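What the coordinates show
Read off the chains here:
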Amino acid sequence: EVQLVQSGAEVKKPGESLRISCTNSGYSFTSSWISWVRQTPAKGLEWMGRIDPSDSYTNYNPSFRGHVTISVDKSTSTAYLQWSSLTASDSAMYYCARPHVSGSSWYDYWGQGTLVIVSS
Amino acid sequence: QSALTQPASVSGSPGQSITISCTGTSSDVGSYDLVSWYQQHPGKAPKVLIYEVTKRPSGVSNRFSASKFGNTASLAISGLQAEDEAHYYCCSYAGRNSPYVFGTGTKVSVL
């Protein structure tokens, strides 16, 4: 069974760094891209970017490029979303998601979400 | 890259049919038959209902159907049920530079 399990909720202060994780099981981790999706009440779902675990090639939504970094650790089948300096506007629920199969345009595997709260 | 435009809310009575629109541009919805639709209940992750404009994954009710014309995709829900009360999002492939864009989301209420 394919599972994406995300790390727990985080409460951080502006300017702090953060890395959240998405641990994958039940399939070959390097066979499919992993994407990150942000959700806020104001903007709904936003596609942030994706990574190919086989070679760490990334695509970013221009709105997020330079503000977040997506990476993987193949040894633990884990994908990461990282910030070097958080702002209040980063407060959101973050989901990792995997396409149905490699190359599919739709996501049928999702993590449970990681809530990030940034507040002074 | 702008979000696809959906109505903020749509409502209907049990048993009725409703339609949710998703308007993009010639760079996303209009260029690719790669529109998907997701249902999201409060506190849950999104669940795919439709992929590649019209296709339903195994296990999704045939009360959900979808189509596309030009730059606008549409999701139809027939025989509305209380369990259909949720948020719905469209998503389109938008090219290699920034591959995916979601819609603004629609809250469906069952009266």
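Right above here is the structure, for reference.
What comes next is a walk through the structure.

About the thresholds
- Residues numbered from 1 in each chain as written.
- Chains lettered and ligands numbered in written order.
- Predicted model: local features only at pLDDT ≥ 70, side-chain atom pairs only at ≥ 80, totals over all residues.
- Heavy atoms only, no water.
- Disulfide = S-S within 2.5 Å.
- Helix = DSSP H or I, 4+ residues; strand = E, 2+ residues; numbered from the N terminus.
- Buried < 20%, exposed > 50% of the residue type's maximum accessible area, 1.4 Å probe, protein only.
- Contact = heavy atoms within 4.5 Å.
- Pairing = 2+ DSSP bridges.
- Axes fitted to C-alpha atoms, helices over the stretch in contact; angles between N-to-C directions.
- Buried area = accessible area lost by both parts, 1.4 Å probe.
- Salt bridge = Lys/Arg side-chain N within 4 Å of Asp/Glu carboxyl O.
- Polar contact = N/O pair within 3.5 Å; in protein donor to acceptor, adjacent residues only side chain to side chain.
- Nonpolar A, V, L, I, M, F, W, Y, C, P; charged D, E, K, R; others polar.
- Patch = residues over 30% accessible without salt bridge, like charges linked within 9 Å, V, L, I, M, F, W, Y side chains within 5 Å.
- Areas by Shrake-Rupley, 256 points an atom, 1.4 Å probe, with all protein chains shown as cover.

Brief notes about the state of the cysteines
A full pass over the atoms with the stated rule returns 2 disulfides over all chains. Disulfide partner of Cys 22 of chain A: Cys 96 of chain A, at an S-S distance of 2.1 Å. Handedness here is read from the sign of the S-S torsion; for Cys 22 of chain A and Cys 96 of chain A, about 80°, the answer is right-handed. Highlighted residues: Cys 22 of chain A in strand β3 (residues 18–25) and Cys 96 of chain A in strand β9 (residues 92–99), separated in sequence by 74 residues. By relative accessible area, Cys 22 of chain A is classed as buried at 0%. Disulfide pairing places Cys 22 of chain B opposite Cys 90 of chain B at an S-S distance of 2.1 Å.

Quick look at the environment of Pro 57 of chain B
On the secondary structure map, Pro 57 of chain B appears in the loop between β4 (47–50) and β5 (64–69). Measuring from C-alpha to C-alpha, the distance between Pro 57 of chain B and Leu 111 of chain B comes to 28 Å, with 54 residues separating the pair along the chain. What Pro 57 of chain B contacts, discounting residues up to four positions off in sequence, is Trp 106 of chain A together with Val 48, Leu 49, Ile 50 and Tyr 51 of chain B.

A closer look at the sheet that holds strand β6 (residues 72–77) of chain B
Residues and elements named next belong to chain B. Taken in spatial order, the 3 strands of this open sheet run β2-β6-β5, and their pairing is antiparallel. Bordering the open sheet on either side are β2 (18–23) and β5, each of which pairs with just one other strand. Strand-to-strand twist of the sheet, defined as the mean angle between neighbouring strand axes without regard to direction, takes the value 20°.

Section: the interface of chain A and chain B
Chain A puts 20 residues into the contact, and the matching count from chain B is 20 residues. Between chain A and chain B, a total of about 1,800 Å² is buried, with carbon and sulfur atoms accounting for 59% of that surface. When the area that chain A buries against chain B is broken down by residue, the three leading residues are Leu 45, Ser 105 and Trp 106 of chain A, summing to 36%. If you look at where chain A meets chain B, you find 0 salt bridges. Across the chain A-chain B interface, the total number found is 6 residue pairs in polar contact (both at pLDDT 80 or more). When residues of the side of chain A that touches chain B are traced back to their parent elements, those giving at least two are β4 (34–40), β5 (44–52), β6 (57–60) and β10 (107–110) of chain A. Among the elements that take part in the side of chain A that touches chain B, β5 of chain A stands out by supplying 5 residues, more than any other. Residues of the side of chain A that touches chain B, tallied by class, amount to 9 nonpolar, 7 polar and 4 charged.

A look at a nonpolar patch on the surface
Together, Val 11, Leu 115 and Ile 117 of chain A give the surface a local cluster of nonpolar side chains, amounting to about 250 Å² of exposed area. By the element assignment, Val 11 of chain A lies in strand β2 (residues 10–12).

A closer look at unusual backbone geometry
All names here are of chain B. A positive phi angle, close to 45°, is found at Glu 52, a residue other than glycine. Relative to the helices and strands, Glu 52 is located in the loop between β4 and β5. Exposure remark for Glu 52: the relative accessible area of 27% places this residue in the partly exposed category. The phi angle at Val 53 is positive, at roughly 75°, despite the residue not being glycine. Along the chain, the position of Val 53 falls in the loop between β4 and β5. With relative accessibility at 8%, the residue Val 53 sits in the buried group.

Quick notes on the sheet that holds β3 of chain A
Backbone hydrogen bonds are what pair the strands of a sheet, in a parallel or an antiparallel way. Residue and element names in this part refer to chain A. Taken together, the 4 strands give an open sheet; going across it, the order is β1-β3-β8-β7, and neighbouring strands pair in antiparallel fashion. With partners counted over all chains shown, the strands left at the sheet margins are β1 (3–6) and β7 (69–73), one partner each. For this sheet, the mean inter-axis angle between neighbouring strands, taken without regard to orientation, is 20°. Sheet analysis places β3 next to strand β8 (residues 78–83), joined by 6 bridges and oriented antiparallel. By the bridge assignment for β8, Ile 20 is matched with Leu 81.

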